[in-house]
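Descriptive analysis of the structure
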Amino acid sequence: MTVAKKVLITGASGYLGRYAVQAFKDKGYYVRALVRNPDKIKTPGLHGEPAVFDIIDEIVIGDVTSPETLTGLCKGIDIVFCALGLTSPDARHTSYDVDYLGNKRILDQAIAEHVSRFIYVSVFNQDKMPGIPTIKSHELFVADLKTSGLSWAVIRPNGYFSDMGRFFSMAESGHIFMIGDGDKKINPVHGADLARVCVDAVDGDKREIPVGGPDIFTFKETMDLAFHACGKTPWITELPMWLAEGGLMITGLFNRNLADLLSFAVEALKFDHVAPAYGTRHLKDFFAELAAAKH
Ligand SMILES: NC(=O)c1ccc[n+]([C@@H]2O[C@H](COP(=O)([O-])OP(=O)(O)OC[C@H]3O[C@@H](n4cnc5c(N)ncnc54)[C@H](OP(=O)(O)O)[C@@H]3O)[C@@H](O)[C@H]2O)c1
């Protein structure tokens, strides 16, 4: 009888994390999941990501900013898959606290327990945005991972369908403020398609894996698609980049954490984000599913 390999999934309640739980289970892994609130994974997420409570083998309740909750997390684990991150403002913690120090705590345990592979989710185009706090923290961690002595892979997705879901929510309200002229391109990826790439990375030999989805759009085209899915006439107001950057500086005076997170969103609109294409799921269908769920 073959014994199932054990994977630890962090960020298992997030958009990518839930699809990763499903994808690792589909491949026959034993899944240990780190979550802060197990009730959250009893129902589907905001963007259709699955409820995974019933398919997880072992739930550990913990928070990476509280080291005492992480004791024994990697004991008996073969693979670590880290998809946790600070993606919305937190009054108490910065990206450095979560994306660097938090992930580092997991890495230290993985080293001590001699796990056989560590898969980490960072971002695409990191070299073009080195000063952005979220990117800095992710890449500080990547530097530690590379010198950890463990076998590793870094997944570099360009943008998730869940992020494009923000355009959908704005389109539903009838109006979108677009920063810049929206002409930069992106091929975002569905969480389920990305999760398959992440699971395949366990047995692959690639170390850095940039990932995008099957369709390339300008940011303006994704907004038009969102309006179309909600059955509304596109109403988009262009805000010049200098105004958005000025707004960020002012926000930073009052709320540093919020400004740090928003700086990623603003900076990202200055470049194309076209990454190697994976997967079969289309943004148009995703928006149609969001629209159907509302009615
Ligand atoms: N979204 C994108 O387009 C994109 C693109 C490239 C890379 N990434 C990176 O991919 C990763 C996953 O993104 P996502 O969109 O799936 O994020 P998400 O849906 O916001 O999920 C984040 C996950 O991290 C967990 N988490 C946050 N702080 C934590 C803490 N202190 N202790 C334990 N868990 C904590 C969250 O738990 P709770 O559910 O309890 O909040 C959640 O499970 C992130 O590192 C992100 O930077 C995202």
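In case you missed it, the structure is sitting above this.
Description of the structure in this document.

1. Section: the side chain of R32
Along the polypeptide, R32 turns up in strand β2 (residues 30-35). Engagement of the side chain of R32 in a polar contact is seen with the backbone oxygen of K75, the distance being 2.9 Å. When neighbours within four sequence positions are excluded, R32 is seen to be in contact with V7, L8, I9, E58, V60, G72, L73, C74, K75 and I77.

2. Description of the nonpolar core
Across soluble globular proteins, nonpolar side chains show a tendency to be buried alongside one another. Membership of the largest hydrophobic core comes to 56 residues, with the highest contact counts inside it found for I9, F24, F81, I155 and F287. In terms of residue count, helix α5 (residues 191-203) provides more of this core than any other element does, eight residues in total. Those residues in contact with I9, other than ones at most four positions away along the chain, are G17, A20, V21, F24, V31, R32, A33, L34 and F81. One finds V60, V64, V98 and V142 within the second-largest nonpolar core, a separate group that totals 26 residues.

3. A word on the site of the ligand
Of all residues adjacent to the ligand, which total 24 residues, the nearest are S13, R36, K40, T87 and Y160. In the environment of the ligand, an oxygen atom lies 3.3 Å from a nitrogen or oxygen atom belonging to the backbone of G11. Within the side chain of D63, a nitrogen or oxygen atom sits 2.8 Å from a nitrogen atom of the ligand. Starting from 910 Å² of accessible surface for the ligand in isolation, the protein chains cover 88%. A class-by-class count of the residues in the shell around the ligand yields ten nonpolar, ten polar and four charged.

4. Details of the sheet that holds strand β3 (residues 58-61)
Taken in spatial order, the seven strands make up an open sheet running β3-β2-β1-β4-β5-β6-β9, and their pairing is parallel. Every interior strand has two partners, whereas the edge strands, β3 and β9 (208-211), have only one. Adjacent strand axes in the sheet meet at a mean angle of 15°, parallel and antiparallel pairs treated alike. Sheet topology places strand β1 (residues 6-10) next to β2; five bridges connect them, and they run parallel. Looking at β2, one finds that V7 is bridged to V31. In this fold helix α1 (residues 15-26) packs onto β1, β2, β4 (79-82) and β5 (117-121), with an angle of close to 170° to the strand it touches most, β1. Together, β1, β2, β4 and β5 form the strand contacts of helix α2 (residues 95-112), whose direction differs from that of β5 by roughly 170°.

Basis of the calculations
- Residues numbered from 1 in each chain as written.
- Predicted model: local features only at pLDDT ≥ 70, side-chain atom pairs only at ≥ 80, totals over all residues.
- Heavy atoms only, no water.
- Helix = DSSP H or I, 4+ residues; strand = E, 2+ residues; numbered from the N terminus.
- Polar contact = N/O pair within 3.5 Å; in protein donor to acceptor, adjacent residues only side chain to side chain.
- Contact = heavy atoms within 4.5 Å.
- Core = buried A, V, L, I, M, F, W, Y, C linked by side-chain atoms within 4.5 Å.
- Buried < 20%, exposed > 50% of the residue type's maximum accessible area, 1.4 Å probe, protein only.
- Near = heavy atom within 4 Å.
- Areas by Shrake-Rupley, 256 points an atom, 1.4 Å probe, with all protein chains shown as cover.
- Nonpolar A, V, L, I, M, F, W, Y, C, P; charged D, E, K, R; others polar.
- Pairing = 2+ DSSP bridges.
- Axes fitted to C-alpha atoms, helices over the stretch in contact; angles between N-to-C directions.

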